[in-house]
Amino acid sequence: GAATWGWGITVAIYLARWISRSRTRDCKYAYVDKVSDGVQKEFVWRGTPLANGERVLIVDDVFTTLGTVLVVSRMVQNMSGRVLPWMAGVVNQCGKEEVNGIKLAATIVLPPPPTWEKNACPFCKLGSKALHPKMCWELFKPQPRVLSPA
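Trainee: Sorry, what's going on with the overall build of the protein here?
Mentor: Secondary structure assignment for the protein yields 4 helices and 7 strands. Counting helices and strands in the order they occur from the N terminus, the protein gives β-α-β-β-β-α-β-β-β-α-α. Considering the protein as a whole, with its 150 residues, one finds that 31% of them fall into the buried category. When contacts within the protein are restricted to residue pairs at least 6 apart in sequence, long-range pairs at least 24 apart make up 52% of them. Counting every atom, the protein has about 11,000 Å² of accessible surface; 57% of that belongs to carbon and sulfur.

What follows is the structure, encoded as structure tokens:
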């Protein structure tokens, strides 16, 4: 399976092991790294190279925008691989059961998170700053603390 960085890699490794044991043949795995210079975002294939026509199960931790899995799908096709007709995930919160004819299989299915136009957003009306979901992770990172001597 091909996975994106995060839980997706762990899930892909365990899924590859399970498939290998249940089918009594080796199942390789690889992952896609997101590399960014702050302006451009690029995806880089890491791990096992694909053989021509090799079948690939795409695994991701959370299906939200589906942007990453669509990029990975194109990467597999550009490397002459074949994307299987389903993708595996831990959580599906995109509100879709399939994308481009590929079924999304997830352990947990949640409704998509609510979104509003800026003028209708109840949080904006209270003075909250509008944030793009993928762009606000910096706000939630723990800040380093300096411990003072006791």
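Further notes follow.
Trainee: Even after reading the chapter, I still don't get the confidence of the model for the protein, so can you show me in this structure?
Mentor: Detailed reading of the predicted coordinates is not advisable wherever pLDDT is low. Chain-level statistics for the protein give a pLDDT mean of 80 and a share of 80% at 70 or above. Ranking the elements of the protein by mean pLDDT puts strand S1 (residues 2-4) last, at 49, and strand S6 (residues 98-99) first, at 92.

Trainee: Would you mind going over the pattern of salt bridges with me for this structure?
Mentor: When the charged atoms of two side chains with opposite charge come close together, those side chains can pair. Tallied over the full model, the rule gives 2 salt bridges. Measuring nitrogen to oxygen at the nearest pair gives 3.2 Å for the salt bridge that ties Arg46 to Asp33. With Arg46 in strand S3 (residues 41-47) and Asp33 in strand S2 (residues 30-36), this residue pair connects regions lying 13 residues apart in the sequence. According to the relative accessible area criterion, Arg46 is partly exposed, its value standing at 33%.

Trainee: Honestly, a positive patch on the surface in this entry has me stumped. Any pointers?
Mentor: A contiguous patch of positive charge, built from Arg23, Arg25, Arg55 and Arg82, is present on the exposed surface. Checked against the element boundaries, Arg82 lands in strand S5 (residues 82-92). Under the relative-accessibility criterion, Arg82 is labelled partly exposed at 47%.

Trainee: Even after reading the chapter, I still don't get the packing of aromatic side chains, so can you show me in this structure?
Mentor: The relation between two aromatic rings is expressed through the spacing of the ring centres and the mutual angle of the planes. Applying the stated criterion across every chain, the model contains 1 aromatic pair. Plain terms: the ring middles of Trp116 and Phe123 are 5.6 Å apart, the flat faces sit at 70° to each other, and that makes the pair edge-to-face. Overall, the relative accessible area of 42% leaves Trp116 in the partly exposed class.

So, how was this worked out
Residues numbered from 1 in each chain as written. Predicted model: local features only at pLDDT ≥ 70, side-chain atom pairs only at ≥ 80, totals over all residues. Heavy atoms only, no water. Helix = DSSP H or I, 4+ residues; strand = E, 2+ residues; numbered from the N terminus. Buried < 20%, exposed > 50% of the residue type's maximum accessible area, 1.4 Å probe, protein only. Contact = heavy atoms within 4.5 Å. Areas by Shrake-Rupley, 256 points an atom, 1.4 Å probe, with all protein chains shown as cover. pLDDT = per-residue confidence, 0-100. Salt bridge = Lys/Arg side-chain N within 4 Å of Asp/Glu carboxyl O. Patch = residues over 30% accessible without salt bridge, like charges linked within 9 Å, V, L, I, M, F, W, Y side chains within 5 Å. Lys, Arg positive; Asp, Glu negative; His and termini not counted. Charge placed at Lys NZ, Arg CZ, Asp CG, Glu CD. Phe/Tyr/Trp six-rings, centres within 6.5 Å; stacked < 30°, edge-to-face > 60°.

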